[in-house]
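The residues making up each chain are set out below.
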Amino acid sequence: ATSAAAAASQRRPTPRARQVCRRVDPRGFEVSMLVLETRPGVLVPVTIWKPLDVGSDRIDTHRSVPVVLLATGHEPLGFRAPVEQEVLMNLVLNLRLVAVAFDPLCQGERPQFGRDSDSRHNFSVAECSFDPQTCEAIHLPCTPAHDVFGEQMFLLGASLAAYFVYDAIRILDFIETLDFVDASRIAMMGTSGGGMLTAYVGALDDRINVSVISSWMGSWRTQIRSMVCHYDAEQIWWKGLWPLGLDKVDLLIARAPLPTMIANGVRDGCASARDAQIALEDASAALSALQGQVAVSLTEGAHGWHASQLENAYSFLATHLGLETQPSLHAHFEPLPCSALSFRSGGQDMLQFPDGVPNTMPDVVAELWSDALRSLAERRRVWSGGGAEARSEIPAKVREAIGLDTLGAEEVTNWSCASCSVPDIGDTWMPEGLNVRRSVLVVEHVGACMPTIKFYQPSGVTPSRVVVAVGGSSYLPEEPSPVERLLVQEACARGVAVALVGLCGFGGSFNAATAHFAPLLVGKSHAGVMAGGLLRAVDVLRHLVSSYVATPMSIFSFGDTAALLVPEPQILAAIDILVVFDSAVGLRAYRRT
């Protein structure tokens with residue numbers, strides 16, 4: 001944790017704010033709706049919820065109260081979701097606190113993609129939002145929109161998490177300017193994606209005196225293997241587990257000795273009670289040495305906020321914020337209608353400054369891309385002018401970029417059937433009208449992926465060549481696709497053997513190693529995982545055909561860039577692959593795929 005957080009906030013200019021409206025609720029609280037500019041052109045819908053008897057036009061330090069920053073989960077309605085509104089009302093009416101809530105990127109009323117009339121270029125059709133009149137959620141879930149520019153930023157060496165965190169830090173800067181708030185008693189709480197952001201900010205900014213992290217804390221080594229939840233781009237740390245050696249629980253160590261509550265449900269498939277226990281066991285020695293104050297609330301609930309979890313959180317807040325009021329049970333309140341909390345209701349768009357130019361995440365990506373493109377162009381000039389010697393560094397750089405060197409793709413020596421298994425599969429397809437033998441192997445691999453090989457060999461002849469086909473549907477137990485069948489039929493008729501290699505994640509078999517973004521945690525990539533499995537399969541094939549002396553190999557790739565990384569083939573046919581990353585990064589008219 002950085003003890004200079006408060007000093008840094010004083011050096012930054014206070015974010016511009018424009019009050020849109022103030023709504024008074026007869027139940028005894030008011031909601032102020034503001035537009036906050038966290039970065040130039042970045043406008044965030046923010047709401048301040050407070051009891052009616054707190055704050056006035058006159059500064060009264062004796063009436064200043066603690067404040068809670070609520071980070072919403074992956075809700076299409078943002079802070080307007082009924083469950084989030086209930087939390088806000090309990091904080092204000094039962095604990096007598098001030099509460100602040102805002103819309104994260106691509107949620108609530110923070111769309112990032114243009115509404116192009118051509119649906120082929122309109123990613124907004126997959127960006128979650130809501131109907132302000134009916135409160136009906138649109139385009140669930142909210143994570144794919146985060147992943148679109150999150151994937152682009154990984155290619156550019158940046159992290160989407162930084163933009164989520166900076167929004168929250170700038171909101172803290174604004175909170176410190178409120179005269180009715182005690183800036184020495186700031187708490188932050190959130191569930192699911194909001195729990196993630198609470199953990200991040202609590203570790204990086206020690207203005208967060210008290211932290212409540214719900215339905216997120218655990219250990220990557222157990223949660224990635226469970227394959228239950230989708231961890232979108234802002235939740236993944238490039239090389240976090242290896243070589244940086246960081247796990248989620250290190251965020252708690254960074255906060256020590258400031259108090260933190262971990263609230264996980266026993267029936268939570270994403271962040272279970274057991275996940276929290278494992279994480280805390282890993283960090284127990286460090287937390288003890290640093291006098292870390294970590295309370296654990298393990299309740300029977302599933303993912304997200306639920307009453308017993310919240311009641312424990314309220315008690316925790318009351319104790320560590322020094323409240324005189326002891327919280328009662330979690331109360332159920334009728335939520336305000338979405339239209340009352342909308343910045344775009346009644347045909348008016350209030351999310352703007354008169355002199356401002358909107359700055360969306362595609363704008364951020366475009367700026368990063370422009371810098372990267374200039375660097376790339378310069379490097380290519382060096383490679384083109386330096387001949388073979390200058391270009392020889394490219395393979396090493398590619399291996400480093402995809403993490404191939406760490407995948408155990410070493411050459412097979414003394415290969416035998418002890419290195420593979422011959423499974424009983426339901427796929428019985430064979431080419432028609434040909435005398436062909438088929439072998440089926442599942443290759444052992446150092447990584448988590450187990451490549452499969454279906455090897456079709458013309459009987460009675462020595463194959464003139466072996467064609468390795470990758471990227472199709474040949475992962476066991478599925479039958480070959482029509483294109484793969486045609487390849488086998490035509491090749492074997494010409495005395496050519498075919499090996500259909502199924503890689504991790506193809507054909508419906510989804511392994512933990514290929515969970516979305518998971519390889520990045522250990523400095524690898526999907527391309528590296530696939531290439532490592534393909535290299536292993538090629539090594540095994542080389543031994544299978546070693547009796548044919550120097551039978552050449554060719555690779556036929558269906559939409560898979562891993563094949564480009566194999567140095568073996570004399571001939572490479574790459575079908576339908578992405579060959580220019582800068583087109584994917586620089587694309588401003590977003591497609592759905």
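Scroll up a little and you will see the structure.
Scoring rules and cut-offs
- Residues numbered from 1 in each chain as written.
- Predicted model: local features only at pLDDT ≥ 70, side-chain atom pairs only at ≥ 80, totals over all residues.
- Heavy atoms only, no water.
- Disulfide = S-S within 2.5 Å.
- Helix = DSSP H or I, 4+ residues; strand = E, 2+ residues; numbered from the N terminus.
- Axes fitted to C-alpha atoms, helices over the stretch in contact; angles between N-to-C directions.
- Parallel < 35°, antiparallel > 145°, perpendicular 65-115°, else oblique.
- Left-handed = near helix turned anticlockwise from the far one by under 90°.
- Contact = heavy atoms within 4.5 Å.
- Nonpolar A, V, L, I, M, F, W, Y, C, P; charged D, E, K, R; others polar.
- Pairing = 2+ DSSP bridges.

*Asks:* Looking at this model, I keep getting lost on the state of the cysteines. Mind explaining?
*Replies:* Each disulfide consists of one covalent bond between the sulfur atoms belonging to two cysteines. Using the criterion set out here, one finds 2 disulfides in the structure. What pairs with C128 in a disulfide is C142, and their sulfur atoms sit 2.2 Å apart. With the S-S dihedral at roughly 100°, the linkage between C128 and C142 falls on the right-handed side. Placement of C128 in the loop between β5 (98-102) and β6 (129-130) and of C142 in the loop between β7 (137-138) and α3 (143-155) is noted, with a sequence separation of 14 residues between them. Covalent S-S linkage joins C135 and C338, the inter-sulfur distance amounting to 1.9 Å. Disulfide C135-C338: the torsion about the S-S bond is 125°, which places it as right-handed.

*Asks:* Would you take a moment to explain the packing of helix α4 (residues 161-175) against helix α5 (residues 193-204) for this structure?
*Replies:* The geometry of α4 relative to α5 is characterised by a closest axis approach of 10 Å and an angle of 65° between their N-to-C directions. Classified by the angle between their axes, α4 and α5 sit roughly perpendicular to one another. With respect to the hand of their crossing, α4 and α5 are arranged in right-handed fashion. Between α4 and α5, the contacting residues are A161, F164, V165, A168 and L172 on the first element and L197, Y200, V201 and L204 on the second. For the contact of α4 with α5, a count of residues per class yields 9 nonpolar, no polar and no charged.

*Asks:* Honestly, the sheet that holds strand β10 (residues 260-265) in this entry has me stumped. Any pointers?
*Replies:* One key point about sheets: their strands pair by backbone hydrogen bonds, in either a parallel or an antiparallel sense. With respect to topology, 9 strands assemble into an open sheet ordered β1-β2-β3-β5-β4-β8-β9-β10-β11, the strand pairing being mixed. Either end of the sheet is taken by a strand with one partner, and the two such strands are β1 (16-25) and β11 (294-299). Direction aside, the axes of adjacent strands within the sheet are offset by 20° on average. Bridge analysis of strand β4 (residues 65-71) against β5 gives 4 bridges, and the strand direction is parallel.

*Asks:* How do you make sense of unusual backbone geometry when you look at a structure like this?
*Replies:* Excluding glycine, a negative phi dihedral is what most residues carry, and trans is how most peptide bonds are arranged. Following W242, the chain continues into P243 via a peptide bond in cis, with omega recorded as 10°. Turning to its location among the elements, P243 is positioned in the loop between α6 (220-226) and α7 (250-255). A cis amide bond links A256 to the next residue, P257, at an omega of 5°. If you trace the backbone, P257 turns up in the loop between α7 and β10.

*Asks:* Looking at this structure, how should I read the packing of helix α2 (residues 82-93) against helix α9 (residues 307-320)?
*Replies:* Packed helices, taken two at a time, are described by their axes: the angle between them and the distance between them. Running from N to C, α2 and α9 cross one another at 35°; their axes reach a closest spacing of 12 Å. Along this stretch, α2 crosses α9, giving a crossing that reads as right-handed. Side by side, α2 and α9 meet where V87, N90 and L91 of the first sit next to L310, Y314 and L317 of the second. Broken down by class, the residue content of the contact of α2 with α9 amounts to 5 nonpolar, 1 polar and no charged.

*Asks:* How should I be thinking about the environment of T191 in this particular structure?
*Replies:* Within the secondary structure, T191 sits in strand β8 (residues 181-191). Note: C-alpha distance between T191 and M217 (26 residues apart in sequence) is 9.9 Å. Sequence-distant contacts of T191, that is, excluding residues within four places in its chain, are made with A71, T72, G73, E84, S214, S215, G304 and W305.

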